[in-house]
Amino acid sequence: MIRAFVAIRPPGEVIDRLVGLQAGAPGRVSPPENLHLTLAFLGEIPTRLLEDADAALGQIKAPGFALTLDGVGLFGGSKPRLIYADVAPCPALTALQAKVAQAARGAGIELEARRYSPHITLARLDKRGADRKRAERFAADRAAFLAGPFEVTEFGLYRSTLHAHGPVYDRLKAYALT
Ligand code: ATP
Ligand code: MG
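Residues numbered from 1 in each chain as written. Chains lettered and ligands numbered in written order. Predicted model: local features only at pLDDT ≥ 70, side-chain atom pairs only at ≥ 80, totals over all residues. Heavy atoms only, no water.

**Comments concerning the site of ligand 1**
Right, on to step 1. Within the structure, ligand 1 sits among 13 residues, and R3, H36, T38, S160 and Y169 are positioned closest to it.
Right, on to step 2. At 3.4 Å, a side-chain N or O of R28 approaches an oxygen atom of ligand 1.
Right, on to step 3. R114 places a side-chain nitrogen or oxygen 3.4 Å from a nitrogen atom of ligand 1.
Right, on to step 4. When ligand 1 is considered free in solution it has 590 Å² of accessible area, and contact with the protein chains removes 75% of it.
Right, on to step 5. Under a 2 Å grid-point criterion requiring more than half of the atoms, the pocket assigned to ligand 1 is the largest pocket. (Near = heavy atom within 4 Å. Polar contact = N/O pair within 3.5 Å; in protein donor to acceptor, adjacent residues only side chain to side chain. Areas by Shrake-Rupley, 256 points an atom, 1.4 Å probe, with all protein chains shown as cover. 1 Å grid on protein atoms, 1.4 Å probe; cavity = no way out; pocket = protein on both sides within 12 Å on 5 of 7 lines; lining within 4 Å. Sits in = over half its atoms within 2 Å of the grid points.)

Printed below as a string of structure tokens:
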């Protein structure tokens, strides 16, 4: 079984901006090599299904687009569990995400029904709730964060290996946007 997801990896300058943004964040801060924008989480799937997903993803035809990161948010309500960089509304991203989800479902992968909410995880709060005040102040102080627009010219299929020290991601495939 392979734990897999489909994601966009921002360019180096944007990664640098995100690393700067992470300074002073509470919780478990994502290392630079892990920063990404998830399009779909495929779950733990057999190799065969991953190959089918790869074939379907390779068939996607979608244009490249410009993406802007705008502000910092928290997931988890009164017990924040995650700090993220927010993504400015982008119809081309929404359209690509829908195509990726359709491709994965067409390959036989069950995706979560939850509404897609694009974000780049900056840090995870292990003690849910305990860091609430710090996390809220962190996000509020960085509401004016802006990065981009940057060109998205490809997306990738990633393997995730969970370790005690955090996940390790490997890009298995890249798909061009044209
Ligand atoms: P960890 O689980 O150790 O905190 P992680 O969440 O970064 O690390 P994975 O759980 O393998 O690593 O997730 C890979 C990507 O897929 C991440 O962007 C994660 O947010 C996303 N993801 C994981 N589970 C789900 C899920 N159930 N629904 C939607 N996205 C998910
Ligand atoms: Mg996870």
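**Some details on the pattern of salt bridges**
Right, on to step 1. All told, the structure shown has 8 salt bridges when counted by the stated rule.
Right, on to step 2. Two residues, K173 and D54, come together in a salt bridge whose shortest N-O distance is 3.4 Å. Taken together, the residues K173 in strand β9 (residues 166-176) and D54 in helix α2 (residues 47-58) connect sequence positions 119 residues apart.
Right, on to step 3. For E136, the salt bridge is made with R132, and the minimal N-O distance between the two is 3.0 Å. Placement of both E136 and R132 in helix α4 (residues 132-141) is noted, with a separation of 4 residues, approximately one turn of the helix. (Salt bridge = Lys/Arg side-chain N within 4 Å of Asp/Glu carboxyl O. Helix = DSSP H or I, 4+ residues; strand = E, 2+ residues; numbered from the N terminus.)

**A closer look at the pairing of β9**
Right, on to step 1. Pairing between strand β8 (residues 154-163) and β9: 10 bridges, direction antiparallel. Residue pairing in the sheet places L162 in a bridge with P167 of β9.
Right, on to step 2. Hairpin connection from β8 to β9: 2 residues lie between these consecutive antiparallel strands. (Pairing = 2+ DSSP bridges.)

**Let's talk about the nonpolar core**
Right, on to step 1. In this structure, L18, L42, L96 and F155 are the most contacted members of the largest nonpolar core, which totals 52 residues.
Right, on to step 2. Here the element with the most residues in this core is helix α3 (residues 91-106); it accounts for 6 residues.
Right, on to step 3. Among residues more than four places away in sequence, those in contact with F155 are V6, A7, I8, L39, L57, I60, L96, V100, K173, A174, Y175 and L177. (Core = buried A, V, L, I, M, F, W, Y, C linked by side-chain atoms within 4.5 Å. Buried < 20%, exposed > 50% of the residue type's maximum accessible area, 1.4 Å probe, protein only. Contact = heavy atoms within 4.5 Å.)

**Here we look at unusual backbone geometry**
Right, on to step 1. With an omega of 5 degrees, the peptide bond between G148 and P149 qualifies as cis.
Right, on to step 2. Topologically, P149 is positioned in strand β7 (residues 146-152).

**Focus on the packing of aromatic side chains**
Right, on to step 1. In total, this model carries 4 aromatic pairs according to the counting rule given.
Right, on to step 2. Measuring from centroid to centroid gives 4.9 Å for F5 and Y169, while their planes differ by 75 degrees, and the two rings are edge-to-face. Here F5 is found in strand β1 (residues 2-8), whereas its partner Y169 is found in strand β9, with 164 residues between them in sequence.
Right, on to step 3. Between F75 and Y84 the ring centres are 4.3 Å apart and the planes differ by 25 degrees, which places this aromatic pair in the stacked class.
Right, on to step 4. Taken together, F5, Y158 and Y169 form an aromatic cluster joined through their ring pairs. (Phe/Tyr/Trp six-rings, centres within 6.5 Å; stacked < 30°, edge-to-face > 60°.)

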